[in-house]
Amino acid sequence: MADKCDLCLLGLIILSSLLTGISGVEDHVFISSGGNVRLSCNNALPDCKSKTTWTYSNRVRHSTAVELIAGVIKRKDTERHERLSLESDCSLNIKNVTVEDYGSYICQQYVNGQKQEPDARVYLNVLHVSVSPSSSSSSSSSSSSSQTEISPGRSVTLSCQLYSVSCDDRVSSEGVELLWVNQAGVDLKTDSRYQISSSSDQYHCIITLTTTLQDEDNNREWRCRLTHRNQVKTSVRYTVKYSGEKTLFSDRFVKTFTHWLYSS
């Protein structure tokens, strides 16, 4: 019996090594564009600020990894420079997150010039909504940068996109889902006045909502909601505002469960 227990313990040690020592520590963070996010460095050493390097990679945007922070020094040649900061535990803060921020972030520790294992990798996934009123003088407008004026009775399409390093895999294997819901949280697929369609590829999960505005839509709210295994992780909210004969769409970000972390 003792020999069997020893073998079981050895197996657990080997499995733990495979999960952490080789692949490193991995987290996944979900947030809506325009929000602030904190990426944890789960392998931080004591006095980590002088020993930490944060790098960013995204095969769509860069051919090689970009160094963001080395020790306490932020790299000035990155577009994120003013939005980055390092906490005392060497977590990386990013303010006013944009869709360009999605990708893989790696926290590495160095002692006397030698890299310490394991690396800590964080995958940042960004939820973003854009609006395209089909009959407006402006063909398209980003929800995070401006308001879009449209007249009542016109058709409008809201496109909600999750920017992710492996979106289609996450949908099929991990139960990640995008939904358009009303203020009561009811799935708008159940309402025939809304046309909703979904698609996904390696880097984007998309769900679009198309409808024609009605008089009673004044102050109506629609939400694009991201769920994981039926639990809400983050969402983006749109509210219709009538002003004379025009309709203003404005966005506000809901900070309910703005990130989701797990270790592989």
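Not measured: the values here are computed from a predicted model.

### Observations regarding the overall build of the protein chain
Tallying secondary structure elements over the protein chain gives 2 helices and 18 strands in all. With 264 residues in all, the protein chain has 45% of them scored as buried. When contacts within the protein chain are restricted to residue pairs at least 6 apart in sequence, those whose partners lie at least 24 apart make up 62%. Within the structure as shown, the protein chain displays about 13500 Å² of accessible surface, and the carbon and sulfur contribution to it stands at 49%.

### Details of the packing of aromatic side chains
Evaluation of the coordinates by the stated rule reveals 3 aromatic pairs. Judged by centre distance (5.7 Å) and plane angle (50°), the ring pair of Tyr102 and Tyr163 falls under tilted. Of the two residues, Tyr102 is situated in the loop between strand S7 (92-94) and strand S8 (103-111) and Tyr163 in strand S12 (residues 155-163); the sequence distance between them amounts to 61 residues. Here Tyr102 falls in the buried class, since its relative accessible area comes to 4%. Note on Tyr194 and Trp222: the rings are 5.7 Å apart at their centroids and 85° apart in plane angle, and the pair reads as edge-to-face. Residue Tyr194 is located in the loop between strand S13 (176-181) and strand S14 (195-200), and its partner Trp222 is located in strand S16 (residues 221-228); the two are separated by 28 residues in the primary sequence. Across the ring face of Tyr56, the terminal group of Arg80 is positioned such that the distance to the ring centre comes to 3.9 Å.

### Things to note about the pairing of S14
In this structure, S14 lies alongside strand S15 (residues 204-212), joined through 6 bridges in antiparallel fashion. In the strand pairing of S15, Ile196 is matched with Leu209. Linkage of S14 to S15, two consecutive antiparallel strands, is achieved through a turn of 3 residues.

### Quick look at unusual backbone geometry
Following Glu117, the chain continues into Pro118 via a peptide bond in cis, with omega recorded as -5°. Turning to its location among the elements, Pro118 is positioned in strand S9 (residues 114-133). For Asp47, which is not glycine, the phi torsion reads 55° and is therefore positive. Here Asp47 is to be found in the loop between strand S2 (37-39) and strand S3 (52-57). In this structure Asp47 comes out as exposed when scored by relative accessible area, which is 57%. Unusually for a residue other than glycine, Cys90 sits at a positive phi of about 70°. For Cys90, the location among the structural elements is in the loop between strand S6 (84-86) and S7.

### Observations regarding the pattern of salt bridges
This model, assessed by the stated rule, comprises 12 salt bridges. A salt bridge links Glu67 to Arg75; the shortest N-O distance between them is 2.5 Å. The exposure class assigned to Glu67 is partly exposed, which follows from its relative accessible area of 31%. With a relative accessible area of 30%, Arg75 lands in the partly exposed category. A salt bridge links Glu79 to Arg80, with the nearest nitrogen and oxygen atoms 3.7 Å apart. On the accessibility criterion, Glu79 (47% relative accessible area) is partly exposed. For Arg80, a relative accessible area of 1% gives the class buried. Salt bridges sharing common partners tie together Glu79, Arg80, Arg83 and Asp101.

### What about the state of the cysteines?
By definition, a disulfide links the sulfur atoms of two cysteines through a covalent bond. According to the stated counting rule, one finds 3 disulfides in the structure shown. Linked covalently through their sulfurs, Cys41 and Cys107 form a disulfide whose S-S length is 1.9 Å. Since a negative S-S torsion denotes a left-handed disulfide, the Cys41-Cys107 link at about -75° is left-handed. Taken as a pair, Cys41 in the loop between S2 and S3 and Cys107 in strand S8 lie far apart in primary sequence, 66 residues in all.

Rules used in this analysis
- Numbering of residues starts from 1 in every chain and runs along the sequence as written.
- The predicted nature of this model means local features are confined to residues of pLDDT at least 70 and side-chain atom pairs, given and counted, to a pLDDT of 80 or more, with totals for whole chains, interfaces and linings taken over all residues.
- Water and hydrogen atoms were dropped before computing side-chain values, which therefore reflect all heavy atoms in the structure.
- The secondary structure listing takes helices from DSSP runs of H or I that are at least 4 residues long and strands from runs of E that are at least 2 residues long, numbered from the N terminus.
- Exposed residues in this analysis have more than 50% of their type's maximum accessible area, buried residues have under 20%, and partly exposed residues fall in between, with area computed by a 1.4 Å probe over protein chains only.
- In this description, contact between two residues means that some pair of their heavy atoms is separated by no more than 4.5 Å.
- To measure how exposed things are, a 1.4 Å probe is used in the Shrake-Rupley method; for residues, cover is taken only from the protein chains shown.
- In summary, the pairing rule links any two rings of Phe, Tyr or Trp, Trp by its six-membered ring, whose centres are within 6.5 Å, and it sorts them by plane angle into stacked for under 30 degrees, edge-to-face for over 60 and tilted for everything else.
- The rule is short: NZ of Lys or CZ of Arg within 6 Å of the ring centre and within 35 degrees of the ring normal puts a charge over the ring.
- Here, a strand pair is defined by DSSP locating no fewer than two bridges between the strands.
- A carboxyl oxygen of Asp or Glu within 4 Å of a side-chain nitrogen of Lys or Arg is what we treat as a salt bridge.
- When two cysteine sulfur atoms are found within 2.5 Å, that pair is recorded as a disulfide.

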